[in-house]
Each structure stands twice: as C-alpha cells, then as structure tokens.
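# A look at the structure
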Amino acid sequence: MARHRFARRASARRKLSPARLSPRDVLHVGSGGLRSRPLRVVLSALGIAIGIATMISVVGVSASSQEQLMRRLDRLGTDMLVASPGESMFAGEDVKLPKNAAGKVGRIDGVEEAGATGTVDTTVRRNDKLPEEESGGITVQAASQELLKVVRGKTASGRWLNGANGRYPAVVLGDVAAQRLGVGQAGAQVWLGDRYFTVVGILAPLPLAPELERSALVGWDAAERLLDFDGHPTSVYERSTDDSVSDVRGLLAPTIDPENPQDVKVTDPSAKLQAKAASEGAFNSLLLGLGGIALLVGGVGVANTMIISVLERRYEIGLRRSLGAACGQIRIQFVTESLLLSGLGGAVGVVLGAAATGVFAHVDGLPWVVPLWSVAGGFGATLVIGTLAGLYPAVRAARLSPTLALHAA
Amino acid sequence: MTRVVGLTGVTKEYAGGVTALRDVDLDIEQGELVGIVGPSGSGKSTLLHIVGTLDRPTSGSVEIAGFDVAALSDRELSALRARHVGFVFQAFHLVPGISAQDNVAEGLLYSGLPRAERRRRAAEALERVGLADRARHRPHELSGGQKQRVAIARAVVGDPELLLADEPTGALDSASGESVMELLHDLGAAGATIAVITHDTEVADRLPRRVRLRDGAVVEDVREDVRERVPGDARAGA
C-alpha cells in the first residue's frame, strides 16, 4: 500500500511552485526566535520603547496644556469685543469716547450686554500714610453696573457695585489689586483719592480682561461725584450672539463715534488666549528631537540584535531551506521577527508615554490628552524602523548558501 | 522502474581549486536503500548537497524526481525540496521547546497544507516511527535515538520521493544507532527511496547497495543481490 503511494507521487505533478505561508504561519515562524530568547527581546525592545515613550509624552503634555486653554476659552466665549480710544490722527490730541458710548453700543443689533470702564486719575493705597507713588500698578476705574455680566466675572468675596453702593465711597477690587493692597476680604478700607473707601467686593480672576484684575473699580456716580471723573469711558465692553460677532465688530466704531470712527480701536481679548493656546500646542522640539534620537538608537539596537540572531541561527536557516523554504520565506521570517521586536517596543512605549502624560497631567491638574495621531504616528514609526532594521539581516539570511548554513553547526 | 536520482558526469569545484566531486555518475531507482560511504573529505557531503538540491554542480546534469535541477530557479528548487526530498541530519536539529509532534509538523510548513492537516499528518508520521506515545514530549525529554526518530518522522511526513540521511547514527550510541537503522530499513521495505551517507562501514555493510567514494570519485558501486553485482551481465542474462 505504501509502495503504491510512492509510485503515484512520482508520476504526478510536473509543475513546481513554492507554497505560500499563511499569515499565521509567518507570525509563528517570525516569533520563534523571540520566544527562545526573552531577555534579549526585552532589552532590545526597551530602546524603541524609551524613544516612543519620550515622543508620546512630549506631544501628550503639550496637547494636555493646550486642551486646558481651549476648554477655558470655550467657557469664557469668543463673543466679547472691547472698544477703546485709538490714536488720534493729530499728534498730542486726546481722543475720548462719548459719555453715552456704552448705551449706544447696547442698541446695536445682536449685542446682548454692554458695559464700560473709565480711567480715573487718582491712586489707591492701603492707607493714607503711604506715599502717593506707591500705587502698586493699580489703576482706579469707574465701572458701569453691567460690566461684570459682560466680562462674565464673579466676585470671590463680597458683592459687585449696584445702584445703592455705587453712589457712595465703595470699591470693588480685581484679584491682583486686592492681593497687592493686602486685602483678603470685603469689608476692609483702602485710601482712594483723598478718603477711605470701603471694599465691598473682590473679583475672581478674569482671564479675558486681565486689565480689570489690576483695577480698583468704583461706581460711575461715585467716581464723578467724589473723584472728579469726567464721565468719558476708556473701554466699552460688549458681548453679542455668536453669529453676529463679525457684524458687531464692523458697527462698533461708527456707532460710538460716527464722525471719527477711525479714532475708535476695537480689540478681541479672546484672540490673545487663542494665540497662547496655539503656542502651548507647539511642542518642545528639543525634547521631541531627543525622543527621535532615542528611537534611532533603539532601531540600531534592533538591527544589531537581528544580525546576531541571523549569525546564531545559521543552522536553523539551513534546516528551513532543506525543508523547502524559499529565499523569500527566510527573508520574511526575519523581517517579521524584527517587526515583532520593534512593534513590541512601540506598544510598550505608547503605554509608557501615555502613562507619563497621565502622571504629568494629574500633578499639574490638566486634562489627560494623548492625541491619536501621535499614537498612530509613533507606532507607525516603529514599524518603519522594524522593517528597515530587519531588512539587511533578513537579506543576508536569505542569501546564505544552504550548504554553508548547514556546515555552521 | 522509476529513476529518482540521476547524476551524469557531475563535477563540483570550489573556489580555490578544490575539486570535491569528479565526473560522478549515479542512478538511484525508486525503492532503493543506498549507502554512500567514504572517509571524510571524500566528497560525501558535497554529493548529499547536490542530490538534495541544496547546491548545484559545476558541470554535469542532475535529475531529481524527474526534474532537471539546472533548469529550476531557487524558488522551484525550494518547492522541489518541500515536496520531494526529506533530510535527516547527524545532529537532529529539532526546535527546542516545542513538542515532538510540532517538530514533525515543521517538516510540512512549506508544503502549503493547513495547520490542522500538518499536525494530523505529523501524528501519523510519529506513529510510523514508533513514537506515537511521545508526541507531547519536548526534545529535551527524549533520548538521542528518539530525537533522531522524530527527525526522521519530520523528513518523511511529506512522503518525499527521496530521503537523504547524513550520518544519521553519528551522534548516537550503538543501541540507538541500531534502532534508527532498523527504522530506515523498515521505511525502505515500505517502498521509500533512501540514501544514507556514512563513514561507518558497519552501518554501510548492512545496506543492500553501497556506493564508495574516494577523492570525489565513485570507486565502487555494489549491490548485495548477486544478480545485480554486475548490472550489465544481469540484464543480459534476463
């Protein structure tokens, strides 16, 4: 019976073409060398892992900082504009906004709220014993009642100016101003102009209006009555619906000063924050470069490991050739091994990098963001490196004469 | 009878002027059990490599299982080895850490058969070499003779036309060597074509046909069967 089997085979099949290995077999053959030398696998994958982890965490940390700024920007909104007197065309001439500027702005279509501040030419000190020069960089400003709503501010302590206290010597301090004056809570007294004012409130930080953080705000009436304020606003703040922002932008100057619209300067405070977010998002290229170098060194390590692996396994190569492996199949075996090696390093690196970003974000109170493109890019880079590092050793292995390989044992 | 190996005027020279084989003619018919004998340096290994299509001759023609080797590309030669030639080496060369059955199945890796089928045939081949009960054992749990029998199972699992054994008893004690040779005899009796390369005359003397090499040339080709000792006469008398 057996004889029959041999006889039948001899006459059959006159065409020869090597069988293809299934993907699973390729994986099986490619991982064989790794399974037998786990320590070497760990060490050479580590180089790749460190490189990828560095790059992922550099990108992750800057993305996390950016995300935090973007979230804050979302909260504050990008629908606020500020109008202030611009430079006059004639040198030396003071440009002033009309007294009723805020009221006019409030009537523009789409504007939801408008408020104003006007700089008062006086100083604020902790008490009257201090010299006038020690103003601490704090400006005194008259503020309309609507202002707080427009800038979406909150009081950290006490209350905002209202119809009642706005007429009396009452002051609301921005958070920086309060700090500089050493006022921790509403209820204290500060020397403002030529009398003591009662601090009725302290504001929480205002990222969109940092100038107000450094101000002592007095009610409009009180400023005119007690501090010789001329009633001309120096900044008009307005907030409009999202889709009317650009229309309002064009209308602001002509509305405030129809005769000399060029004298009115319109600014968008959220633009500054946006620029800051963009610059936070630009990651540190020095660190990224370091990560790249680590990755390169890791790739060299993988190539080195692969060359040693090929040298050590010459007999296996000879054996596989005798079992019927074609050159291409030997090549793909070693490229697969290299790919698995660096892919393993890449996967570990992604996890480490994401974890490092997580720790950093947690410590700094940032949201934890690891951009998908950085993970995909990092992992893709390891696959490219794995292929490149494995190609030369694999070609060498495939070119090895089967008889020489068999003699090596 | 079908000719499995046909060497005509095969010469192999290596770079540096070493001539390993000189004008060798060798035919091996299907079902023959041939010993290729000679001292070391006589060209045995070179002959094995050329017959096994691992190497090409400098001149002369080689026909294996009906294929003219000179006309085949590397890919085609690989396929020829995968389907028609089985190798057994002196040092077994089993893959450490995987079972005997998986080692035998490696012999079919490049045959294009699906994995389950490879494992099924491997179990069958182990049964043929009398190691069915050792299928789950890993190489380090096997004796030398058992390892070589696993290696033989790996070589025959694809039912090759030709089985080449390079010093199959070289690394074994005499009792194990005995059992391995018995197995080869059994396979030969079942119809396999086998060439055993050896420098051990004791092993060679028990094979039905012996080809003796010296300095790269065939100096003797004898068959145990008296009728075939002088092939020309035997055919004339028939």
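Everything numeric here is computed off the predicted structure, so don't read it as measured data.

With that out of the way, let us pick up the overall build of chain A. Within chain A, the secondary structure is distributed over 15 helices and 11 strands. For 409 residues, the compact-globule formula gives about 22 Å, and the C-alpha radius of gyration of chain A, at 36 Å, lies well above that figure. Its C-alpha atoms give chain A principal-axis dimensions of about 120 × 45 × 45 Å. A total of 409 residues make up chain A; the buried ones form 42% of that total. Taking the intrachain contacts of chain A between residues at least 6 apart in sequence as the baseline, contacts between residues at least 24 apart amount to 85%.

Residues and elements named next belong to chain A. Here helix α11 (residues 285-312) crosses helix α13 (residues 327-364) at 145 degrees, and the two axes come no closer than 10 Å. Classified by chirality, the crossing of α13 by α11 is right-handed. Counting all contacts with α11, which are made through Gly298, Val302, Thr305, Met306, Ser309 and Val310, the residues of α13 involved are Phe334, Glu337, Ser338, Leu341, Ser342 and Gly345.

The next point concerns the interface of chain A and chain B. Across the contact, 26 residues belong to chain A and 34 residues belong to chain B. Secondary structure elements with two or more residues in the side of chain A that touches chain B: α1 (2-11), α12 (314-323), α13 and α15 (402-407) of chain A. Among the elements that take part in the side of chain A that touches chain B, α1 of chain A stands out by supplying 6 residues, more than any other.

On to the domain arrangement of chain A. Its domain assignment divides chain A into domain 1 (24-71 + 282-407) and domain 2 (80-272). Relative placement of domain 1 of chain A and domain 2 of chain A: their C-alpha centres are 59 Å apart.

Residues lying three or four places apart along an α-helix face the same way, a consequence of the helix completing one turn every 3.6 residues. With 28 residues, α11 of chain A extends 40 Å between its outermost C-alpha atoms, agreeing within 8% with the 40 Å of an ideal straight helix rising 1.5 Å per residue. Considered for burial, the residues of α11 of chain A that qualify are Gly291, Ala294, Leu295, Gly298, Gly299, Gly301, Val302, Ala303, Thr305, Met306, Ser309 and Val310 of chain A.

Okay, the nonpolar core next. Ranked by internal contacts, the top residues of the largest apolar core, which has 115 residues, are Ala153 and Leu163 of chain B. Ranked by the residues each element gives to this core, the list is headed by helix α3 (residues 38-76) of chain A, at 13 residues. Apart from the residues within four sequence positions on either side, Leu163 of chain B is in contact with Gly86, Val88, Ala155, Val156, Leu187, Ala192, Thr193 and Ile194 of chain B. Counting 57 residues, the second-largest nonpolar core is a separate cluster that includes Val150, Ala188, Val199 and Val248 of chain A.

Residues and elements named next belong to chain B. Of the residues in chain B, 94% reach a pLDDT of 70 or more, and the chain-wide mean stands at 88. Within chain B, the element-level pLDDT minimum falls on helix α8 (residues 231-237), averaging 40, and the maximum on strand β4 (residues 59-64), averaging 94. In the model, residues 226-238 has pLDDT below 50 throughout and makes 5 contacts with residues more than four positions away in sequence or in other chains. This prediction of the complex comes with two scores: 0.72 for pTM and 0.88 for ipTM.

Residues and elements named next belong to chain B. Most of strand β7 (residues 162-166) sits out of view: 5 of its 5 residues are buried. Along β7, one buried face is formed by Leu162, Leu164 and Asp166 and the opposite face, lined by Leu163 and Ala165, is buried too. Of the pairings in the sheet, the one linking strand β6 (residues 85-88) to β7 comprises 4 bridges and is parallel in character. Among the inter-strand pairings, Val85 is bridged to a residue of β7, identified as Leu162. Handedness of the crossover joining β7 and strand β8 (residues 193-198) through helix α6 (residues 174-189) is recorded here as right-handed.

Criteria and thresholds
- Residues numbered from 1 in each chain as written.
- Chains lettered and ligands numbered in written order.
- Predicted model: local features only at pLDDT ≥ 70, side-chain atom pairs only at ≥ 80, totals over all residues.
- Helix = DSSP H or I, 4+ residues; strand = E, 2+ residues; numbered from the N terminus.
- Rg over C-alpha atoms; globule rule 2.2 N^0.38 Å.
- Buried ≥ 20, exposed ≤ 12 C-beta atoms within 10 Å, placed from the backbone.
- Contact = placed C-beta atoms within 7 Å.
- Axes fitted to C-alpha atoms, helices over the stretch in contact; angles between N-to-C directions.
- Left-handed = near helix turned anticlockwise from the far one by under 90°.
- Domains from an automatic or database assignment.
- Expected span 1.5 Å × (residues − 1).
- Core = buried A, V, L, I, M, F, W, Y, C linked by C-beta atoms within 7 Å.
- pLDDT = per-residue confidence, 0-100.
- Pairing = 2+ DSSP bridges.
- Right-handed = clockwise from strand over helix to strand, strands pointing away.

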